[in-house]
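Commentary on secondary and tertiary structure
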Amino acid sequence: MSRGNSEYDLTDANQVKDYLKNVLIEYQYSCFKNEDPTGCHRLGYFHGYVDIDKEDAKENAKKIFKMNCEKYKFGQSCDSLAGMYLHEKKYLSEKGPRDKIVGYYQKACDYSYYSACKNLGVLMLEKGDLWRDYHDTKKGRELLHSACDKKNVDSCYLLQKLYSKKHPEKTLKFAIRGCELDDGRSCLTAYQMYLKGYGVEKNPELAMYYQDKAKYIKRHNIACKPDESVRVTM
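About the cut-offs
Throughout, a residue's number is its position along its own chain's written sequence, starting from 1. In keeping with the model being predicted, local features are shown solely for residues with a pLDDT of at least 70 and side-chain atom pairs are shown and tallied solely at 80 or more, while totals for entire chains, interfaces and linings include all residues. Excluded from the side-chain calculations are hydrogens and water; all other atoms, namely the structure's heavy atoms, are used. Each helix is a run of H or I in the DSSP string that is no shorter than four residues. Each strand is a run of E no shorter than two, and both are numbered from the N terminus. One less than the number of residues in a helix, times 1.5 Å, gives the span that helix is expected to have. Burial status follows relative accessibility: with a 1.4 Å probe on protein chains alone, a residue under 20% of its type maximum counts as buried, one over 50% as exposed, and anything between as partly exposed. Within this analysis, the arc is defined by the directions that extend from the helix axis to the C-beta atoms. Disulfides are defined as cysteine sulfur pairs within 2.5 Å. We place a 1 Å grid over just the protein atoms. Points where a 1.4 Å probe fits but has no way out form a cavity, open points with protein on both sides within 12 Å along at least 5 of 7 lines form a pocket, and any residue with an atom within 4 Å of a point lines it. Grid points are joined across faces, edges and corners, and a volume is the space filled by probe spheres set on the points. Residues are grouped as follows: Ala, Val, Leu, Ile, Met, Phe, Trp, Tyr, Cys and Pro are nonpolar; Asp, Glu, Lys and Arg are charged; every other residue, Gly included, is polar.

1. Examining helix α1 (residues 13-33)
With 21 residues, α1 extends 29 Å between its outermost C-alpha atoms, agreeing within 8% with the 30 Å of an ideal straight helix rising 1.5 Å per residue. Of all the positions in α1, only Tyr19, Val23, Leu24, Tyr27, Ser30 and Cys31 are classed as buried. Within α1, the buried residues cover an arc of 135 degrees as seen down the axis, which keeps them to one side. In α1, those exposed residues whose orientation departs by more than 90 degrees from the buried face are Asn14, Lys17, Lys21 and Lys33.

Below is the structure:
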């Protein structure tokens, strides 16, 4: 097992090298010996985003994420794999990578990683030629609704934008939901709606409440509440 990073002088290049070597060994042991999917995800992340100077690092990361997604059904790894295909940009000219992106986002969502539900919902709502084969307005909205219900703040915010022109009552509903999750943007939306009476009766007291909460979140740099996904923090 690796020593804690406090035991290394991370301003010393040689000690940094030793530290990363031991971290890699720890993640490999956790993944391959203990068969721990959180260790596998960390190993994939290490290859993909830490050990990036090695020529095969990205491919190793994809292999680990793919194994962890398909063998252990670990949604965060499915989402990371889709993200890697997305950033490679081959999908701009080839349909195969687009199929993989959509497929792995779907797997991640099925395995209760709600950021992936949001990502897939956004792709399905795209109207351009690139994602035409996957366009499904009903399913895209359902995915955003599901993710918002599971406290995915970005999904709640996207739904506010989606309904703002024709269904202001739904915009307010998702603004209140987002504000409950400490999303300052959502609090400001609710504030403006109650202040101006857009889609709801004017209510200066509620407008002030949501304005004050938005200010409090910004002043104290409060992070949004996490969604209900099982996740690994790096």
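Now that the structure has been shown, the text picks up again.
2. Some remarks on the state of the cysteines
Under the defined criterion, the tally for this structure stands at five disulfides. Sulfur-sulfur distance for the disulfide between Cys31 and Cys40 comes to 2.1 Å. Its torsion about the S-S bond being 90 degrees, the disulfide of Cys31 and Cys40 is classed as right-handed. Side by side, Cys31 and Cys40 carry an identical accessibility label, which is buried. When the bonded cysteines of the chain are counted from the start of the sequence, the pairing works out to 1-2, 3-4, 5-6, 7-8, 9-10. For Cys224, which is in no disulfide, the shortest distance to another cysteine sulfur is to Cys187 and amounts to 8.9 Å. Classification of Cys224 by relative accessible area gives partly exposed; the value is 35%.

3. Details of the layout of surface pockets
Considering only enclosed or pocket space, the largest pocket measures out at about 180 Å³ in volume. The wall of the largest pocket is formed by Leu20, Lys21, Leu24, Phe46, Val50, Asp51, Ile52, Asp53 and Lys54. Of all the elements in the fold, those that place two or more residues in the lining of the largest pocket are α1 and α2 (37-50). Considering each element in turn, the lining of the largest pocket owes the most residues, three residues, to α1. The residue inventory of the lining of the largest pocket, partitioned by class, reads five nonpolar, no polar and four charged. The calculated volume of the second largest pocket comes to roughly 150 Å³. If you go around the second largest pocket, the residues you meet are Ser115, Lys118, Lys151, Asn152, Val153, Asp154, Cys224, Lys225, Pro226, Asp227 and Arg231.

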